[in-house]
Every structure is written in C-alpha cells, then in structure tokens.
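Fold and geometry: a report
Chain residues, written in single-letter form:
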Amino acid sequence: MEIKTDVVIVGTGVGGAFSALNLPEDKQILMITKSDLESSDSFLAQGGICVLRDDEDYEGYFEDTMRAGHYENRKESVDIMIRSSQEIIHDLIEYGVDFAKKDGNLAFTREGAHSTSRILFHEDITGKEISSKLLAQVRNRSNITIMENTTMLDIIEKDNTCYGIIAAGENDTLYAITAPYTLWACGGIG
C-alpha cells in the first residue's frame, strides 16, 4: 500500500512530537511508532531536562556537558543545545508541561554530571509529563496522523536521496510511505 505525505517522522517520543509541532501546519505529517505511544523511551524517562539558568551558568554547563561526553562532543552542537535550552523550555511550558515549582518559580535540581542545579523535572515522571503533553498537542493538529504498531523496515532511496520509508504495520501490511522530507526521531542508535 502506498501512502503519500509531506513529512514522515519515524518515532513519536519527545523528538518526534516536538519536531512535528514545529513544522508548518500546512504540511501533512505522518508519524509512525513501532509500538504504542506510551512505549517510547521518552515516555518512560524518569529524570529531568537541563536548562541554562542564566548567562553566568554557560561556562559551567558547557564544561559539564563536554566532560560527560568525554570531550568527544561536537562543541558547536553543545553550544546550540545550551543556548537554545531556555527557548525549548518556554515552548514546553506553552504546550502544557508542568515542571515542579517552588514558591511560584521553577524548581531546579542537580543530576548526573552537572556541577550545579540546572535540571527541571516533574516528580519522578518527567518523560511521561513531557511526552503526554506533546502528544496531546499533536492529536489536536488535523495535519498530523499517527500510525501505531508500525515498524520502519527500510528507506526509499535513489541516487543518494531519501524519498520516504518502507514500513510494516499490523497484520504485516507493507507500506511505501513517500515524502519529500523524512525525519528519524527514533532515539540513540536508532
């Protein structure tokens, strides 16, 4: 079965959902997930999300991130991540994410390789909080369709250009999903 769309996104976790919400609403977007929406690593994540607290925090945040990556991180990517973190958090809050607060202000904690408190969280279910709020927004968009229990098998490629994916759905139904834009938001090594 062939499906034509403007954008196909492989993955419905935070990366896929946030990307879909930031694409133009005049584009038809198809998101696939190999299981159900609540089985992504994003949904199951317990910890928090890092944010640049203020300009004085930049050097420490940068060093903590580089050290945690054994100094193999791409410095330009770390810089972009840090400098865009406040805007991303603002967007997440606008999408309804409820981070913990203390005295009416965002509450920060310290985790992992961070030398100071710069982690925002929601109880011990931050991933579920972020994922569920983003997916609720995705469901409200008429231009976004989600196919659960659909696994990407291969890419559709010609002359080193990607034109979509081949996927298997329920009952082993095969789909050729063609799109001018294909986004892999399937986590880590995926």
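Residues numbered from 1 in each chain as written. Predicted model: local features only at pLDDT ≥ 70, side-chain atom pairs only at ≥ 80, totals over all residues. Heavy atoms only, no water.

Let's talk about the packing of helix α1 (residues 14-21) against helix α5 (residues 126-139)
- Direction vectors running N to C along α1 and α5 enclose 35°, while the axes themselves pass 9 Å from each other. Crossing of α1 against α5: the hand is left-handed. Here Val14, Ala17, Phe18 and Leu21 of α1 come into contact with α5, specifically with Ile130, Ser131, Leu134, Leu135, Gln137 and Val138.
- Looking at side-chain class alone, the contact of α1 with α5 contains eight nonpolar, two polar and no charged residues. (Axes fitted to C-alpha atoms, helices over the stretch in contact; angles between N-to-C directions. Helix = DSSP H or I, 4+ residues; strand = E, 2+ residues; numbered from the N terminus. Left-handed = near helix turned anticlockwise from the far one by under 90°. Contact = heavy atoms within 4.5 Å. Nonpolar A, V, L, I, M, F, W, Y, C, P; charged D, E, K, R; others polar.)

Here we look at the pairing of strand β10 (residues 161-168)
- The pairing of strand β9 (residues 151-158) with β10 spans seven bridges and is classified as antiparallel. Paired with Thr151 across the bridge in β10 is Ala168.
- Remark: two residues form the turn of the hairpin made by β9 and β10, two consecutive strands paired antiparallel; Asp159 in that turn has positive phi of roughly 55°.
- For β10 and strand β11 (residues 174-178), the ladder comprises five bridges, and the chain directions are antiparallel. Considered in β11, the bridge of Ala167 is made with Tyr175.
- Adjacent in sequence and paired antiparallel, β10 and β11 are bridged by five residues, among which Asn171 carries a positive phi angle near 60°. (Pairing = 2+ DSSP bridges.)

What to know about the sheet that holds β11
- Taken in spatial order, the four strands line up as β1-β11-β10-β9 in an open sheet, and their pairing is mixed. Among the strands making up the open sheet, the edge pair consists of β1 (2-4) and β9. Here the strands of the sheet are splayed against their neighbours by 25° on average, with no regard to which way each runs.

Thoughts on the nonpolar core
- One finds Ile9, Ile29, Met31, Leu92, Phe99 and Leu134 to be the most contacted residues of the largest nonpolar core, which totals 22 residues.
- Those elements giving two or more residues to this core turn out to be β2 (7-10), α1, β3 (29-32), α4 (75-94) and α5.
- Dropping the residues within four chain positions of it, Ile9 is found in contact with Gly16, Ala20, Leu23, Ile29, Leu30, Met31, Ile32, Leu183 and Ala185. (Core = buried A, V, L, I, M, F, W, Y, C linked by side-chain atoms within 4.5 Å. Buried < 20%, exposed > 50% of the residue type's maximum accessible area, 1.4 Å probe, protein only.)

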